[in-house]
Structures are given as structure tokens and as C-alpha cells.
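Here are the chains, one letter per residue:
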Amino acid sequence: MKNIILMGECMVELRRDVNGVIAQSFAGDVYNAGVYLKRTCPSINVQLASQVGSDTLSEQMLAAFTDEDIDSSLVLQDPQRMPGLYWVNTDASGERSFLYWRESAAARWQVENYDAAYIEKLKQADIFFFSGISIAIIQPEHRERFWEVVRELKESGVKIAFDPNYRPKLWKSVEDTKAQYDIAFSLSDIALPGVEDFDMLYGLSDFAAVETFLAPYNINEQVIKDGPNGVVVIEDSTRTFITITPVENVVDTTSAGDSFNGAYLGSRMTGGTIEAAVASAAKMAGTVIQYPGAIIPKSV
């Protein structure tokens, strides 16, 4: 069985539903990707590497992982801390904005608990996936340890996959972000950047500019996303541009990129071609943005 480990943070999500009632669920970029990966490719073992608390919400979160058939054996529990929380607002066009309470979230301290036995379990993955948010929430003093672990995984044959997923408010400075992303890109076998992220961070606003930026890193598989403007995939120096059919009924874009990542990686892990993987990913993302919240009903 193929195995992917997604490292990062799952949070408590709060939002108002169509009736104005506050709805509570669980979400986070790598967790969202894992959910949609598992839903599209149930034969893959999907593991979450994270840390939660020992409180009631944490127990409910673990139960949600089980309900989505996400393997939580790598989810650590901190007796002193709780999960982070965020409130999401969406405007009339479906664009979202967030308010966060995550400064003392248990996931921020997970790396300090990565002992030798834990790392050996990480080495069982075919792919180890993390995002810019995954790096940003790690306590700064633990980041060098994280990179040591990633290097050890790569040397053991695990493919490293990275989505920059840039969130400015999570970082001390642009310079700090760029330094961490430089390490991430240098270790990546698969990169899944969005043009929007590159525009915000590097001032690069089109496919060609992003391709030029990534060229020196020797990343085997690059999946450059630009929403309805299409996707460019570069594999072994072969460039493929794939058009995307825009979705008219956009309700909530919260998990668009996450669901794309999950479906794309799942398709590729099960032998899908570049074109098939992007088609599956675009279909999933197009469905997700027509429903409120990061995780849509299983019945959809």
C-alpha cells in the first residue's frame, strides 16, 4: 500500500452557516489535502504528522481524523496545550478572510518531540508533504531540527513534496520566509506553488517568472497553479500547460488549493498521468469551492 505523510497543523474552524448559526469543524491546509486525497484515492494510506492536546476538542479532532480514515498514529498529544482556532469569513464572491488564535497551539511544538523512533516511522512514507504554513507555525528554534529530519527522510528515499502556501501574518519577516523557502525548494522532489503566492512574496506574477525562479532548484516535478488561468506542470524538463474550466458558482474558496494538492498527489501516487492528475485535482477543487467550509460533506 502506498503511504503519504502530511506534516502540519489541524485547527478548530468556526464560521457562520447560511442560517447565521455558528458552525464548528476541523481544518488546516495539510489536513484538508489529506482528506481529499483519501476521498479520491482510498487505497492510499494517509497519515497526519501533527500534535494536538489532551482536551475535549482534541479528542473530537482525533475522532474526525478517524471518520475521514486518516491514520492518526503519528499525531502526538501535548498534555499542556490545545489546538489552534480560526474564524473564517467569506465575501459575496466566495473569497475568504481569517482571524486566528494559534500562538500557543500544540502543533507549534511538535518537532521537539520527534525522537529516533518517530523519525523511523516517518521513513516508511513514499511521500512526505508539508507547506509554508507547516514551516511557519514551527517554533523558530525548532526549524533547524525540522530540516535535519527532512534531509534524513530524503536520504532514506522518501520523496519530499512542498506547497509554499504563503501567509504573511505567520512570518516574522519576508527575509525569514524566503530563507526558509529556499531550504524547502532545495530539498523538494515535488513542488506545488501558486502564482498568487509567488506574486505576494517575490513579485513574480506569471508562469514564466515562476518557472525561471524554480529552475535552479532541480525539482523533478513542478505543479504551478494559477486558478482559472490554468496549470503548468514540469516533469523531467518536459513542460505541459493544462487549461482549467472556471467554476461559476463560487461559494467558498477556503480549501481550493488544498483539495487540488490532495487529489493531484493521490492520482500521481496511483499511476495517473500528469493530465489525469490535474483533471482530477481541478475537478475536486471546483467541487469544493461550491460549498461552505474547508471540508465539504462526504455525500457530495
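Residues numbered from 1 in each chain as written. Predicted model: local features only at pLDDT ≥ 70, side-chain atom pairs only at ≥ 80, totals over all residues. Heavy atoms only, no water.

### Some points on the sheet that holds strand β8 (residues 127-131)
With mixed pairing, the 9 strands of this open sheet are ordered in space as β5-β4-β1-β8-β9-β10-β11-β12-β13. Across the chains shown, the open sheet's two edge strands, defined by having one partner strand only, are β5 (75-77) and β13 (238-242). Relative to β13, strand β12 (residues 231-235) runs antiparallel, the two sharing 5 bridges. What sits directly across from valine 231, in β13, is isoleucine 242. (Pairing = 2+ DSSP bridges. Helix = DSSP H or I, 4+ residues; strand = E, 2+ residues; numbered from the N terminus.)

### Overview of the pattern of salt bridges
Counted according to the given criterion, the structure contains 16 salt bridges. Residues lysine 225 and aspartate 163 are paired through a salt bridge, measuring 3.4 Å at the closest nitrogen-oxygen approach. Taken together, the residues lysine 225 in strand β11 (residues 221-225) and aspartate 163 in strand β9 (residues 159-163) connect sequence positions 62 residues apart. For lysine 225, a relative accessible area of 12% corresponds to the buried category. The salt bridge partner of glutamate 221 is arginine 268, with a shortest N-O separation of 2.9 Å. Placement of glutamate 221 in strand β11 and of arginine 268 in helix α9 (residues 256-269) is noted, with a sequence separation of 47 residues between them. The exposure class of glutamate 221 is buried, given its relative accessible area of 6%. (Salt bridge = Lys/Arg side-chain N within 4 Å of Asp/Glu carboxyl O. Buried < 20%, exposed > 50% of the residue type's maximum accessible area, 1.4 Å probe, protein only.)

### Concerning the packing of aromatic side chains
Across all of its chains, the model carries 23 aromatic pairs by this definition. On the numbers, 5.8 Å between centres and 70 degrees between planes, the contact of phenylalanine 130 with tryptophan 147 is edge-to-face. Here tryptophan 147 lies in helix α5 (residues 143-155) and phenylalanine 130 lies in strand β8, a separation of 17 residues in the sequence. The class for phenylalanine 130 is buried, based on a relative accessible area of 0%. Taking NZ or CZ as reference, arginine 81 lies 3.8 Å from the ring centre of tryptophan 109, over its face. (Phe/Tyr/Trp six-rings, centres within 6.5 Å; stacked < 30°, edge-to-face > 60°. Lys NZ or Arg CZ within 6 Å of the ring centre and 35° of its normal.)

Worth remembering: the numbers are spatial, not functional.
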